[in-house]
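# Structure at a glance
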Amino acid sequence: MISNLLVMRGFSAANGVFTGRPWDLLANVPVPLRHQVCDGIAGLVAQTESANGKAFKWHIPLGQGGVSPFDKLRFIHSLADYPNMLVSADHGNAFNRRFQERYLMKGAFSGAQPEGAATVFSDSGLIDPAGWIGVFAVAPFVMLIDHRRLGGLPTPCRWADLMEPVYRNQVVFSGWKREGDSRYSQFNKFFLLAMSKEFGLNGMSRIVANVPSLLHSAQMPRLAGTASSPGGIYVLPWAQADMCPRRGQTEVVWPEEGALAYPLWLTVKSSHRLSLDVLVRHFYGAELGGILNQNRYPSLCTGLPPSVPAGSKLNWLGWDFVRHPATAKLIQAVSRTFLDAMDKRQTKGMRLCA
């Protein structure tokens, strides 16, 4: 763990400049997994340092907030300055457009994806056809139904059901505001983008019309099934939904179109693929795969059976879609549509109060 505490000397938050040699490994995973993943990496790093006789420069954040090296990745223009291996649970801002065209698209990086992934993963298109990105696990977004709050309404079984007016003030997804702010500073753009891709901006707007408020996903299992529950339909990762203790009043639903698949992925410089092989094999391996599966982040490890409910599907946006230049503009349109709708709702509520 000492090595992990020292590697931050390579990054200057003051001017956003990466100093010294690049990271050997820069990794980020969802908060519930961080300590276990970090411990596993620390053991492998110790072995690597002992075998090679030199310090291994790596970092995985254990908390939240503040400036991190991940915030500066999109400003890197030189291949030599980029981390030799990147592990991420973020879907954007890992590469700027010029860097992607100059290096990623010309074979400077590899996802090192093992062959033989289970059909539930391959059928959803999670395997990158270009081979640049390797997916080692997914965070499936599902519905957590609060039957008590839903009253006598039918249980939704499809994402399309969330557009129906009957579910007005019932749909809650993740987001939060800074203290004193009227607007949400963070909200689940992945969910909104997926709904926009599936049903168009109009369909997404119909879903937003059914949203009374947003909650942090960690709060949802605590409130679902209680008298304080703000909605009857929560959209959140399976890992959080499965934690809800009030199973008499609540139910986890995998939509018929498939749970929304949010990938946990890695990429490694082709020039460092062999030297980092022990870490690549670790992320695709059974030891970490077992931890991921136990925590409801289904692993793509080929040596383990897929840990998704029998007969269920995954729904991924698609690599061509997320890489298309027009998608960035769509994200802006989605965000603007959501914020405008919430602003109108707040104004209307204030007028009613007056």
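Provided above is the structure to which this section pertains.
Notes on the structure in this doc start here. The shown structure was predicted, so the numbers you read here are calculated from the model rather than taken from an experiment.

What counts, and where the lines are drawn
- Residues numbered from 1 in each chain as written.
- Predicted model: local features only at pLDDT ≥ 70, side-chain atom pairs only at ≥ 80, totals over all residues.
- Heavy atoms only, no water.
- Salt bridge = Lys/Arg side-chain N within 4 Å of Asp/Glu carboxyl O.
- Helix = DSSP H or I, 4+ residues; strand = E, 2+ residues; numbered from the N terminus.
- Buried < 20%, exposed > 50% of the residue type's maximum accessible area, 1.4 Å probe, protein only.
- Core = buried A, V, L, I, M, F, W, Y, C linked by side-chain atoms within 4.5 Å.
- Contact = heavy atoms within 4.5 Å.
- Pairing = 2+ DSSP bridges.

### Some details on the pattern of salt bridges
Where charged atoms from two side chains of opposite charge approach closely, those side chains can pair. Per the counting criterion, the structure on display carries nine salt bridges. Measuring nitrogen to oxygen at the nearest pair gives 2.7 Å for the salt bridge that ties arginine 323 to aspartate 128. Placement of arginine 323 in helix α11 (residues 319-323) and of aspartate 128 in the loop between α4 (119-122) and β7 (134-146) is noted, with a sequence separation of 195 residues between them. Taken as a pair, arginine 323 and aspartate 128 share a single burial class, namely buried. Counted as one network, the salt bridges with shared partners bring together Arg183, Asp340 and Asp343.

### Examining the nonpolar core
In terms of nonpolar packing, the biggest core is built from 108 residues, with Met85, Phe191 and Phe338 touching the most fellow members. Counting residues per element, this core draws most heavily on β7, at 10 residues. Filtering out sequence-adjacent residues up to four positions away, phenylalanine 338 remains in contact with Phe173, Tyr184, Phe187, Leu192, Met204, Val208 and Leu214.

### Overview of the side chain of lysine 269
One can find lysine 269 in strand β13 (residues 259-269). With near-sequence residues (within four places) excluded, lysine 269 lies in contact with Pro22, Leu79, Ala80, Tyr82, Pro83, Asn84, Ala108 and Phe109.

### Looking at the pairing of strand β11 (residues 233-237)
A large share of β11 lies buried, amounting to five of its five residues. When β7 meets β11, the two strands line up antiparallel, connected through five bridges. Across the sheet, valine 142 pairs through a bridge with leucine 236, a residue of β11. Note that strand β8 (residues 171-172) and β11 share two bridges and pair parallel. Residue pairing across strands places valine 171 opposite isoleucine 233, the latter belonging to β11.

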